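# Geometric and topological summary
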Amino acid sequence: MITGELRNKVDKIWEIFWTGGITNPLSVIEQFTYLLFIKGLDERQNEFEANASLLGIPAEKIFDDEQQDLRWSNFKQRPAEQIFRLFTDPEKGVFSFIKNLHGDKDSAFSRYMADAIFMIPTPGMLEKIVTQIDALDMGDRDAKGDLYEYLLSKVSTSGTNGQFRTPRHIIRMMVALTAPEPKDVIVDPAAGTAGFLVAAGEYLQEHHDSLFTKKELKEHYNTAMFNGYDMDSTMLRIGAMNMMLHGVGQPNIAYRDSLSESNKDRECCTLVLANPPFKGSLDYDSVSPDLLKVTKTKKTELLFIALMLGMLKTGGRCATIVPDGVLFGSSKAHKELRKEIVENHNLKAVISMPSGVFKPYAGVSTAVILFEKTGIGGTEKVWFYDMQADGFSLDDKRRKIDADDIPDIIKRWQDLGAEEGRKRTEQSFFVPKEEIVAGGYDLSINRYKEIEYEEVAYDAPAVILERIESLEKEILEGVRELRGMVG
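Residues numbered from 1 in each chain as written. Predicted model: local features only at pLDDT ≥ 70, side-chain atom pairs only at ≥ 80, totals over all residues. Heavy atoms only, no water.

Checked against the element boundaries, Thr213 lands in the loop between α10 (195-207) and α11 (215-223). Judged by relative accessible area, which is 64%, Thr213 ranks as exposed. From its side chain, Thr213 meets the backbone oxygen of Ser210 in a polar contact 2.7 Å long. (Helix = DSSP H or I, 4+ residues; strand = E, 2+ residues; numbered from the N terminus. Buried < 20%, exposed > 50% of the residue type's maximum accessible area, 1.4 Å probe, protein only. Polar contact = N/O pair within 3.5 Å; in protein donor to acceptor, adjacent residues only side chain to side chain.)

Shown next, in the form of structure tokens:
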């Protein structure tokens, strides 16, 4: 979450949009994102030029020689009228430039930018916003993600369709637990702003330096590795820009009703990372029949898990957020889906999260489940972790605090052998498959966790009553003294 000075600056920019007549929160976010994208392109060009200078090679070009006026650093200090003309020139303007950035009209970016509209109405308003955005300190990569999260928090409709923005640190935890590899094909079937895909890309950049020195791996990274689907065109535009700003040339960000019969993608990926909508609206008649074979239900949270199983190749892995009801729901659909994962695939872990993780948007209780698609079973024991703290207060303010279980979760996950023998009273432990089966495939940690109660010794009732009588006498004596003082 952004706080302090940065938050105040963002609020001030929001106010400029509002007082300038752009009052729809999604329109504000969209226009804000376009400008951040334009600024980010210039920063990326600067990085290319600095790296090329160090290596003594020609710099990769986002802006050619005739487009230097369109760079943020070159226009930001010009008079308002000049900046406005640069943005609104339909042929060679800044906005026209980003709409046609890709050249390839079939690319995801071009498709979703085609109907993008520049809405800032006056030179003065544009100049004010450019000046304010230029003053934002966005050097920390976390700040960019947190800024998006904060902007999205201003959308009053957030969460009404079961969509809750996933905090960046939870996304990064899930990415670290699945450890993406350079040859992975990664899918998020409810991608939103592409937060999971961006984090996966960042993980690969940090942990696989050689990825960008091998032509085929670099091409795979830029064109085939990242796949995100959503039904919200605004989110698709933001997601595509988000991916490009993070160095992915042509991500496959596409409009798709992932649960519908029209989605034919099956056994197409090796890693699924997702936080699908819970209790979202659903056109049941259009749901793919093969998903209903796995779990005959109208509950989107169950259908999305069935979809993930269908999209994964054998050996593929998945980390997804689920509402607690998925873990212990007693309907036939709930039980059959849990049985499917435990009996026919390899359920590896259930990480229970505190209910404040999604505040201030929602107080829903959730967990992260991790499994591998095998088709032949493989679940021998499941690792449970009871996350108590995620580094932020669990109220609506979500202040940064010291208590944070996430580093411990990642450390223990990477050395599961050391988890053998942990007691059920500890924060993490294994539960054998046989016990889960005997418990009706219940995956709630509370079913298996043991709580140690400390014996507390109280005084005998007669002693407590004697103490109360003594206190009562003292009170009455005090009242008498007060009456004497007031006459």
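Alright, that's what it looks like, and here's the rest.
Here we come to the sheet that holds strand β4 (residues 269-274). If you trace the 9 strands from one edge of the open sheet to the other, you get β3-β2-β1-β4-β5-β7-β6-β8-β11, paired in mixed fashion. The sheet is open, and its two borders are formed by β3 (252-255) and β11 (428-432), each paired with just one other strand. Within the sheet, the average angular offset between the axes of one strand and its neighbour, ignoring direction, is 15°. In this structure, β4 lies alongside strand β5 (residues 312-323), joined through 5 bridges in parallel fashion. By the bridge assignment, Ala274 is partnered in β5 with Thr320. This element, α10, spans β1 (186-188), β2 (226-230), β3 and β4 of the sheet and lies at about 170° to β2. (Pairing = 2+ DSSP bridges. Axes fitted to C-alpha atoms, helices over the stretch in contact; angles between N-to-C directions. Contact = heavy atoms within 4.5 Å.)

This brings us to the nonpolar core. Counting residues in each nonpolar core, the largest one holds 89 residues, and the members touching the most others are Met173, Phe226, Val350, Ile351, Phe371, Phe384 and Met387. Each residue touching Ile351, except ones within four places of it in the same chain, is listed here: Leu177, Ala367, Val368, Leu370, Trp383, Tyr385, Met387 and Ile409. Among the nonpolar cores identified, the runner-up in size contains 48 residues, and Leu41, Phe97, Leu126 and Tyr150 belong to it. (Core = buried A, V, L, I, M, F, W, Y, C linked by side-chain atoms within 4.5 Å.)

A contiguous nonpolar patch, built from Leu54, Leu55 and Ile57 and spanning about 370 Å² of accessible area, is present on the exposed surface. Tracing the chain through its elements places Ile57 in the loop between α2 (25-55) and α3 (72-75). Taking relative accessible area as the criterion, Ile57 reaches 47% and is therefore assigned partly exposed. (Patch = residues over 30% accessible without salt bridge, like charges linked within 9 Å, V, L, I, M, F, W, Y side chains within 5 Å. Areas by Shrake-Rupley, 256 points an atom, 1.4 Å probe, with all protein chains shown as cover. Salt bridge = Lys/Arg side-chain N within 4 Å of Asp/Glu carboxyl O.)

Packing of helix α9 (residues 168-178) against α10 leaves a shortest axis separation of 9 Å and a crossing angle of 55°. As summarised for this structure, α9 and α10 are arranged oblique, according to the angle between their axes. Between α9 and α10 lies a crossing of right-handed hand. Where α9 approaches α10, its residues Arg168, Ile171, Arg172, Met174, Val175 and Ala176 are matched on the opposing element by Gly195, Phe196, Ala199, Ala200 and Tyr203. Of the residues that constitute the contact of α9 with α10, the class distribution is 8 nonpolar, 1 polar and 2 charged. (Parallel < 35°, antiparallel > 145°, perpendicular 65-115°, else oblique. Left-handed = near helix turned anticlockwise from the far one by under 90°. Nonpolar A, V, L, I, M, F, W, Y, C, P; charged D, E, K, R; others polar.)

So, on to helix α14 (residues 300-311). Relative to the 16 Å expected for 12 residues at 1.5 Å per residue, α14 spans 16 Å between its end C-alpha atoms, a close match to the ideal helical length. Of all 12 residues in α14, 12 are buried; the element is thus mostly enclosed. Along α14, the residues that are buried comprise Thr300, Glu301, Leu302, Leu303, Phe304, Ile305, Ala306, Leu307, Met308, Leu309, Gly310 and Met311. (Expected span 1.5 Å × (residues − 1).)

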